[in-house]
Amino acid sequence: MIHLAHTASNPDGSRREHELGEHLNRVSEIAASFAGAFGATDWACIAGLWHDLGKYRPGFQEYIRACADAHIEGRVSSSNKTHSAAGALWAESHLVARQGQPGRIVSRVLAYLIAGHHAGLDNWHDGLKVRLGGNDARRELEDCLGAVPPAAILEPRGVLPDPRGMPVDTRNGAGSFALWVRMLFSCLVDADFLDTETFMAPDKAATRVQPTEPEEVLRTLLARFDAHMTTLAANARNTPVNTLRADVLAQCRAKAALSPGVFTLTVPTGGGKTLSSLAFALHHAVAHGKRRVIYAIPYTSIIEQTADIFRTIFGDENVVEHHSNADADATLETARSRLACENWDAPLIVTTNVQLFESLFARRTSRCRKLHSLVGSVIVLDEAQLLPVGFLQPILDVLRLLVSDYGVTLVLCTATQPALSSATSFDPRRGLRGFSAGEVAEIIDDVPALYAALKRIRVHVPASLDARREWPEIAQDIARHDAVLAIVNRRGDARELHRLLKTHGTTGLWHLSALMCPQHRSDTIAHIKAALAARSEALALGAPATPVCVVSTQLVEAGVDMSFPVVFRALAGLDSIAQAGGRCNREGELDGLGEVHVFVPPSEPPPGLLRQARDTCRKVWHRIESDPLELGLFPAYFRQLYGDADLDARGICEMLRVGRDADVRFRDAADAFRLIDDEEAATVIVRYPAGDSHVVDQWTAMLERDGPERWLMRKLQRYGVSIYRHDVARLLTQGDIRELGGFPGLYVQVADTFYDDVLGTNVEGAPGDPAQLIV
C-alpha cells in the first residue's frame, strides 16, 4: 500500500498524490538545512522525519483518500485526521530505549516540535503532558506502528540528537532553551509549509525561488545603494548639516568592517541616521557573509516613509514591507513579496517592532515560521528608545541570545540612546539583565562633538515643573507665531487646543492624532510639508508667507520630517522632548537657533509609562544646570525610568525559564507577550474623505459579498481607527457604526457625523492614547 501525505485535484478532475515517505524525507532535508545555520541539524532532521508519522494510520489513509485538503488539521472535525501525537510519542519510546534518561529530555524537545507543528507550541504540564498522556494519542501511535512504517523513517541510521548540544538556561541566558526550541520549531514548520506547497501549488512554489544566493543579492543592493548615495551627494546643497550627514555616512561605512556584535548609532535627529544605518547594515552584511538585513521600526508614520525611501533606491521587488498597515493591492505587490512575508526569505525586510518581537515570543506556526530567517542577519532597531519598558527584560534577553547564539549583528539606532547595560537592584524586578561592559560598540567616533556641531535649538523650561497652565493661555502663546508646531500628550488635548486656536482666528491650522485613520494622517502630513515648502519659498523671495500651525500628539515626533522655527511641547519624557526638538530648525535653515518651549498642561498624561516618563523627566530636570537636552542627561534619565519600572510586567521570563524535565510555558508566554492589547480595542472602517459615493463603501461591500482578499484587507486597514470596545455598544445604539456582516468585531461607519475630515473620529479617547503602535 502507498501511504499518502497529501492529495490534490488536477484541472481535469483527476487527483495527484503526495507519497508520505517522500514528504517526510524532504521536510527532514529542508528543516536540517535551515537548522544547520545554528548547529542543530540532527534535531531538525529527526523532527522532519517523524512530524507526520501519524499519517501512516489506516484511519488517516482512508480519510485522506476521501477528503480534499485533508492535510490541514482543523479544517474538518475527524478523529481520523489528527496525526501529530504519534511522532511525539514514538520519539519518547524510541529515544529512551536508545539513550536512557538523556533520551527522555531529547524526546521532550521533539514533542514540542512535532505535536505542535499544526496547533502551535504548547505548555508542558497543563498542555502537551495531558494531551500525549491521553488514550487518543496512545491509539494514534499504536495504529501508526501497526501500519509498519519504513525502518528508515522509524530508525534512521547515523541521526541521533545529542542532548549535550542543548542550551542551558543561566541567569545571564534566561530563555535560551525556549528560543532554541522556537528556532527549531520555525525550521520544521517552514519546511513543512514549503514541501506541502511544492506539491499542492507548484506554480506558487516556483514564484518563491530566488534566482541568486542572498549574499549575491546583497552585493547587488549595496552597489545600488552606493550609486544612489553618490547621486544624492552630488545634488545636495553645501550646508553645514549636509557636511555632518556625509561624515556620519562615512563613519558607518568604515565601521562596518568591525567584527559582528552589538552596535549603537547615536545621531541627533536630522543627522541622516536612516540611510547611514542602512549603509552600515549592507556593508557589514557583505563583509561578513550575513544573509539579510531586517529593519525594524516602531510607528506607521516611520515605516511607510522608510519603506518608500528603500523602494526608491532598490526597486519594489527587493524590499519586503511586512506589517499590518502596508498598502498593497494586486498591482503594487509582487507575488514573491507576498510569499516572502510568510518566512522573510528576502534580502531586505522592513517590519515593525511588534511584528519582530511578538514573533520571537509566539507559539503559532504562521508567526514562528520566519524566525530561522533571523539567523545570520543584521537587525537594525530604529528609534531604539521606544523599546516597550514593561517588556524590556524579555526583549533584551532574546536580543542578546540572537547575537551570541545565532550570528546576528544588532544595531541600536536613535538620537536618544537608552541605557541597556546591566544594572542591579535590591528588587530583582527593577534590575536589568542587559549588555555587559565592552559588549557594545558605538559607530560614531565622537558623539558629544557631533551633537555640539548639530545643535540647532534652544530649549525653554518653565521655572516650575509643577505649575500647570490652562489651555486658553497656552493657545494664546502659540497663536503669536506664524509657523509653529504644538505637541501634546492626549488626543483630547489636541482637539481642545485646535479648537481654541481656531477661535483665535489662526489660519493655516492643521491637526494630527491617531483618531485620524492612517490615510488621513498621511494626507495631512503631505499637505503640511507642502505648506512648509511653499512658506520657505515665499520667504526666500521676500513675498508674504502663509502661516502654518500644527497641533499634534506625539506621533509626529518619530521619523516625520518636518521643520518649524518654533515648537511647543507639553511636559513629557526626556526622549519625547528631544524628539520634538528634532522637528525644530531641522535643516539648520534659521540664522540662529530654533526655539522649543516646554509647558506644563492642565491635564495629566495617560496613566502608565507616559506618566511615569513625565515624572522621570521632572526628577532629572530638577538637577540640571545648563542645557535641558545635554547628552549626559539621557543615561541618567533611562536608568531612573527603568529603575522605577517593572521591566517584565507580565512575568514572561519566568514562563520561559526551563523547568524540570524541560518544562516551558510556551503558550502562556505567547499569550502574555502582546505589545498591543487588542482585547480592549475595536476597529472601525471610516469614510475618509467625506462623500456620498465613497470608495470605502465599495470596498466594504466587496468584503461582505466576496470575502477577504489580502490586498482588500490591507487597503481597508488604511481607513481603520481603533476605539475602545466599551464604546461600541453606545455607538451601535446611536446608529453611528454597524458591524460588518460575517466579520465579528469589525465595524464600519454609518453616520456622517462619526468622522470629521479635520479631527478624525468623533469619540472620546481611544486605545493606546496618545501613540499607536502597529503590527
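Conventions used here
- Residues numbered from 1 in each chain as written.
- Predicted model: local features only at pLDDT ≥ 70, side-chain atom pairs only at ≥ 80, totals over all residues.
- Heavy atoms only, no water.
- Core = buried A, V, L, I, M, F, W, Y, C linked by side-chain atoms within 4.5 Å.
- Buried < 20%, exposed > 50% of the residue type's maximum accessible area, 1.4 Å probe, protein only.
- Helix = DSSP H or I, 4+ residues; strand = E, 2+ residues; numbered from the N terminus.
- Contact = heavy atoms within 4.5 Å.
- Pairing = 2+ DSSP bridges.
- Axes fitted to C-alpha atoms, helices over the stretch in contact; angles between N-to-C directions.
- Salt bridge = Lys/Arg side-chain N within 4 Å of Asp/Glu carboxyl O.
- Parallel < 35°, antiparallel > 145°, perpendicular 65-115°, else oblique.
- 1 Å grid on protein atoms, 1.4 Å probe; cavity = no way out; pocket = protein on both sides within 12 Å on 5 of 7 lines; lining within 4 Å.
- Points joined across faces, edges and corners; volume = space filled by probe spheres on them.
- Nonpolar A, V, L, I, M, F, W, Y, C, P; charged D, E, K, R; others polar.
- Expected span 1.5 Å × (residues − 1).
- Phe/Tyr/Trp six-rings, centres within 6.5 Å; stacked < 30°, edge-to-face > 60°.
- Lys NZ or Arg CZ within 6 Å of the ring centre and 35° of its normal.

## Comments concerning the nonpolar core
Nonpolar side chains in soluble globular proteins tend to be buried together. Core analysis: the biggest nonpolar cluster contains 174 residues, and Trp-50 and Trp-180 have the highest contact counts within it. It is helix H9 (residues 176-200) that provides the largest number of residues to this core, a total of 13 residues. Here Trp-180 is in contact with Phe-38, Ala-40, Trp-43, Val-109, Met-166, Pro-167 and Tyr-406, once residues within four sequence places are set aside. The next biggest cluster of nonpolar side chains, apart from the first, holds 47 residues, and it includes Val-267, Tyr-295, Ile-297 and Val-380.

## Describing unusual backbone geometry
A cis geometry characterises the amide bond from Tyr-688 onward to Pro-689, with omega recorded as -15°. Here Pro-689 is to be found in the loop between strand S16 (681-685) and helix H28 (695-706). We note that Val-148 has phi near 55°; this positive angle belongs to a residue other than glycine. Tracing the backbone shows Val-148 in the loop between helix H7 (135-146) and helix H8 (151-154). Accessibility expressed as a relative area gives 63% for Val-148, which makes it exposed. With phi around 50°, Glu-383 is a residue other than glycine that occupies positive phi space. Mapped onto the elements, Glu-383 comes out in the loop between strand S7 (377-382) and helix H18 (392-405).

## Examining the sheet that holds strand S17 (residues 720-724)
Pairing within the open sheet is mixed, and its four strands lie in the order S17-S16-S19-S18. Of all the strands in the sheet, just S17 and strand S18 (737-739) have a single pairing partner and so form its edges. On average, each strand axis in the sheet is inclined to that of its neighbour by 35°, with strand direction left out of account. In this sheet, strand S19 (residues 746-749) lies alongside S18 in antiparallel orientation, the contact comprising three bridges. Counterpart to Arg-738 in the pairing with S19 is Val-748. The sheet strands contacting helix H30 (residues 725-734) are S16, S17, S18 and S19, and the helix crosses S17 at an angle near 100°.

## Focus: the pattern of salt bridges
In total, this model carries 43 salt bridges according to the counting rule given. A salt bridge links Asp-345 to Arg-292; its shortest N-O distance comes to 3.6 Å. Note that Asp-345 is positioned in the loop between helix H15 (335-343) and strand S6 (348-352) and Arg-292 in strand S4 (residues 292-297), a separation of 53 residues in sequence. Using a relative accessible area of 4% as the deciding quantity, one classes Arg-292 as buried. Put simply, Glu-557 and Arg-569 hold a salt bridge, and the shortest N to O gap is 2.5 Å.

## A look at the packing of helix H4 (residues 85-99) against H7
Relative orientation of the contacting elements H4 and H7 amounts to 80°, with a least axis distance of 8 Å. As far as their axial angle goes, H7 and H4 are roughly perpendicular. Taking contact as the criterion, the partners of Ala-85, Ala-86, Leu-89 and Trp-90 in H4 are, on H7, Ala-137, Arg-138, Glu-140, Leu-141, Cys-144 and Leu-145.

## Points about the layout of surface pockets
Approximately 1200 Å³ is the volume attributed to the second largest pocket. Taken together, 38 residues form the lining of the second largest pocket, with Leu-232, Asn-242, Arg-245, Gly-272 and Leu-275 sitting closest to its centre. Elements represented by at least two residues in the lining of the second largest pocket include exactly helix H11 (214-235), helix H12 (240-255), helix H13 (273-288) and helix H14 (300-314). Among the elements that take part in the lining of the second largest pocket, H12 stands out by supplying seven residues, more than any other. Broken down by class, the residue content of the lining of the second largest pocket amounts to eleven nonpolar, 17 polar and ten charged.

## Observations regarding helix H5 (residues 101-115)
Relative to the 21 Å expected for 15 residues at 1.5 Å per residue, H5 spans 21 Å between its end C-alpha atoms, a close match to the ideal helical length. Buried residues dominate H5, accounting for eleven of its 15 residues. Of all the positions in H5, only Gly-103, Val-106, Ser-107, Arg-108, Val-109, Leu-110, Ala-111, Tyr-112, Leu-113, Ile-114 and Ala-115 are classed as buried.

## Re the pairing of S6
If a strand is regular, its side chains alternate between the two faces of the sheet. Counting buried residues along S6, five of its five residues qualify, which places the element largely inside the surrounding structure. Taking every second residue as pointing to the same face, both faces of S6 are buried, with Leu-348, Val-350 and Thr-352 on one and Ile-349 and Thr-351 on the other. Bridge count between S4 and S6: five bridges; the pairing is parallel. Bridge pairing in S6 places Ile-294 opposite Ile-349. Taken together, the three bridges between strand S5 (residues 320-322) and S6 define a ladder with parallel strand orientation. Bridge assignment links His-322 to a residue of S6, and that residue is Thr-351.

## Overview of empty space enclosed by the protein
A complete count under the given rule lists six cavities of 30 Å³ or more for this structure. Empty space within the largest cavity amounts to approximately 110 Å³. Lining the largest cavity we find 13 residues, and of these Ala-174, Gly-175, Phe-361, Asp-397 and Leu-656 sit closest to its centre. With four residues, the single largest contributor to the lining of the largest cavity is H18. Tallied by class, residues from the lining of the largest cavity come to ten nonpolar, one polar and two charged.

## A closer look at the packing of aromatic side chains
Tallying each qualifying case throughout the model produces 18 aromatic pairs. Relative to Trp-180, the ring of Trp-43 has its centre 4.9 Å away and its plane inclined at 85°; by these criteria the two rings are edge-to-face. Placement of the pair is Trp-43 in helix H2 (residues 41-50) and Trp-180 in helix H9, with a sequence separation of 137 residues. Just as Trp-43 is buried, Trp-180 falls in that class too. With a centroid separation of 6.5 Å and an interplanar angle of 80°, the aromatic rings of Trp-50 and Trp-90 are classed as edge-to-face. Remark: Trp-90 occurs in helix H4 and Trp-50 occurs in helix H2; sequence separation between them is 40 residues. This pair shows no difference in class: Trp-50 is buried, exactly as Trp-90 is. Clustering of aromatic rings is evident, with ring pairs tying together Phe-225, Tyr-295, Phe-310 and Phe-314. Lying over the aromatic face of Trp-124, Arg-108 brings its terminal NZ or CZ to 3.6 Å of the ring centre. Between the NZ or CZ atom of Lys-370 and the centre of the ring of Trp-344, over which it lies, the distance is 5.4 Å.

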